[in-house]
Structure formats: structure tokens, C-alpha cells
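Chain and residue survey
Chain by chain, the residues run as shown.
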Amino acid sequence: RPESVAFSNRASATLNVEDVRKLSGTQYLPAALDKSRLFAPSELYLPNQSLQLFDFCNQLHWPSEKDLSDRSDSGRFLVKIGMKTLPPIVSVLEYVTSTELSSMKRRKCLDFLADRLGPHGEYQREYNRVIKGRTAYRFIPSTTDDPLGLKESVESLRSPLDCYADRSCNVMGFPVFNKSLEKDADTLGRLFQCPFEPDSVDLLSQLISLVSSAKRLLQRSKDRSQSNTQVVVAFSNVFLYLSRRTADITQAQFGKLRQ
């Protein structure tokens, strides 16, 4: 029976290479939820309450979680023979991109990720490698407003590379962190490597696009007074935002604007 296997350091010291190979490759351990069969160590994760978020993590059935962790004698031995402690970050990222997740569960998954990123996080090195240049992992809940009020706000999942942590740039129609993300946006942006705000090239491109949209609105409007008000309100917010970003705009870009 699995519970009769001795996992102490003293017992493991007597195991030869063949013993370890058999312990690693044989299916003899029970899973917490899957009762259909027994499992090899490499097919299971050490019991961890936070892993209950992910239904693809099959955890070892153990009488008491308090007696088993990657720091306990038994836990360290199980890890040595192949048991896992954390799912690969690619699996986690693919899981949180699913549109089937509830917003609450996605927030918990993002908190799980955020807690393991940063200078000393277990996922930091792997995240740096995986996320660089990737737009396929769309897992950041975002909101995109229409500055002119012609369309309703759009909520969507976006890649960390094309969603901004500074919510104030939403007055220009840039996608920003959704307010459902309860943690500080600056902190999440840094951990997930999201840009804090649009660069000057994108700012000016968006400004020109908004001017074109405003002109079309005025040309097609049946109620010119109402449309004028919409444009004035929108560009009051846009210019207020741009006034805080003037240090980022080059003289050459200002020259283009003057034209």
C-alpha cells in the first residue's frame, strides 16, 4: 500500500539506483480526486491548496497536508523521485487565457502568477523567456473606451504586451487594465511586464486617428450641437492627458503636430 512506503531520509539512503528507478516509474500512489487508478510520482503534484485552482494539476492523496511539503523529509524525497510542486508556467498561461474562466477564478489565477513572479519568484526566469515577444497569451482583463462615446466600452483579454497599466490613458482609447484587477496596477504591470503607458509615437498616431473620427462625426451628425459637445468633452480629456506627457514628445513630433 502507498502509505506503507518509508519516505524518511534514513530509509531513502539505503535505496540503490534500481530501487529509485522503480519508485520513480511505478504507478503506486493515489490521487486526491482521481480514484480510477494509481499514479507514478511524476504524474502527481505535492498537496498544495493553491493548486486547486487548476483542474489539470492532479495532486497526491495524503492524510494530512500539514505533514507533507517540499520542505519536509517525505516531500523532498517525493520530489527527488519525480513528483511535481508547480505546474509549468506555459500550462498556467494557457489555462488563464480560456474565456471559460469566471472573472473571480481568473483573478485568483493571476494572483497565483503574480505571487511567483518578481526577482525571487519561482516563475520569473521562465516567464521572461516565454512572454518575450508573445501576443498569443491573452490573459489580462482589459477595458477599451471610445473617447468620443460612439461605441460602448469593450472588455477583452489582452496580451501583457498590448495592455497598459496606467488607466489614465483610456481617455485616448488605449486598452487598460480592467478595474476588476484588485491589486495595484503599477505592481501588476511590472510583474507581468506590461507597458505602463503608450510611447510618444503611439500617442500621436492615436491623436490623429481621433481627430479624423471627430471630423467624420461632425460631418455626419444630424444634431450638430450634441456632437460638438461630445467632441469638446473628449478632446478636453485628451489634451489634459497629453499635457502630462509633453516631456515624452520630441521636438520633431511637435513639428509634425504644428503642421
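Our subject is the structure listed above.
A brief structural summary. (Residues numbered from 1 in each chain as written. Predicted model: local features only at pLDDT ≥ 70, side-chain atom pairs only at ≥ 80, totals over all residues. Heavy atoms only, no water.)

A volume near 290 Å³ is recorded for the largest pocket. If you go around the largest pocket, you meet 16 residues; those closest to its centre are Asp145, Asp146, Pro147, Lys151 and Ser213. With five residues, helix H8 (residues 200-220) is the largest single contributor of residues to the lining of the largest pocket. (1 Å grid on protein atoms, 1.4 Å probe; cavity = no way out; pocket = protein on both sides within 12 Å on 5 of 7 lines; lining within 4 Å. Points joined across faces, edges and corners; volume = space filled by probe spheres on them. Helix = DSSP H or I, 4+ residues; strand = E, 2+ residues; numbered from the N terminus.)

Across the sheet, three strands lie side by side as E2-E1-E3; this open sheet has antiparallel pairing. Looking at which strands have only one partner, the edges of the open sheet turn out to be strand E2 (154-158) and strand E3 (176-177). (Pairing = 2+ DSSP bridges.)

Further remarks concern the environment of arginine 224. Mapped onto the elements of the fold, arginine 224 is located in helix H9 (residues 224-243). Assessed through its relative accessible area of 47%, arginine 224 is described here as partly exposed. (Buried < 20%, exposed > 50% of the residue type's maximum accessible area, 1.4 Å probe, protein only.)

A separate point is the packing of helix H4 (residues 89-96) against helix H6 (residues 124-131). Where H4 meets H6, the axes come as close as 10 Å, and the angle between the chain directions of the two elements is 60 degrees. Taken together, H4 and H6 sit at an angle that is classed as oblique. In this structure, H4 meets H6 at a crossing whose hand is right-handed. Residues Ile89, Val90 and Leu93 of H4 pack against Glu126, Tyr127 and Val130 of H6. Looking at side-chain class alone, the contact of H4 with H6 contains five nonpolar, no polar and one charged residues. (Axes fitted to C-alpha atoms, helices over the stretch in contact; angles between N-to-C directions. Parallel < 35°, antiparallel > 145°, perpendicular 65-115°, else oblique. Left-handed = near helix turned anticlockwise from the far one by under 90°. Contact = heavy atoms within 4.5 Å. Nonpolar A, V, L, I, M, F, W, Y, C, P; charged D, E, K, R; others polar.)

Right, let's talk about H4 for a bit. When H4 is considered as a whole, its buried residues turn out to be Ile89, Val92, Leu93, Tyr95 and Val96. One face of H4 carries all of its buried residues, which in axial projection span an arc of 160 degrees. Check the buried side of H4 and you find it contacts helix H5 (103-114), H6 and E2. (Arc of directions from axis to C-beta.)

Geometry only, nothing functional implied.
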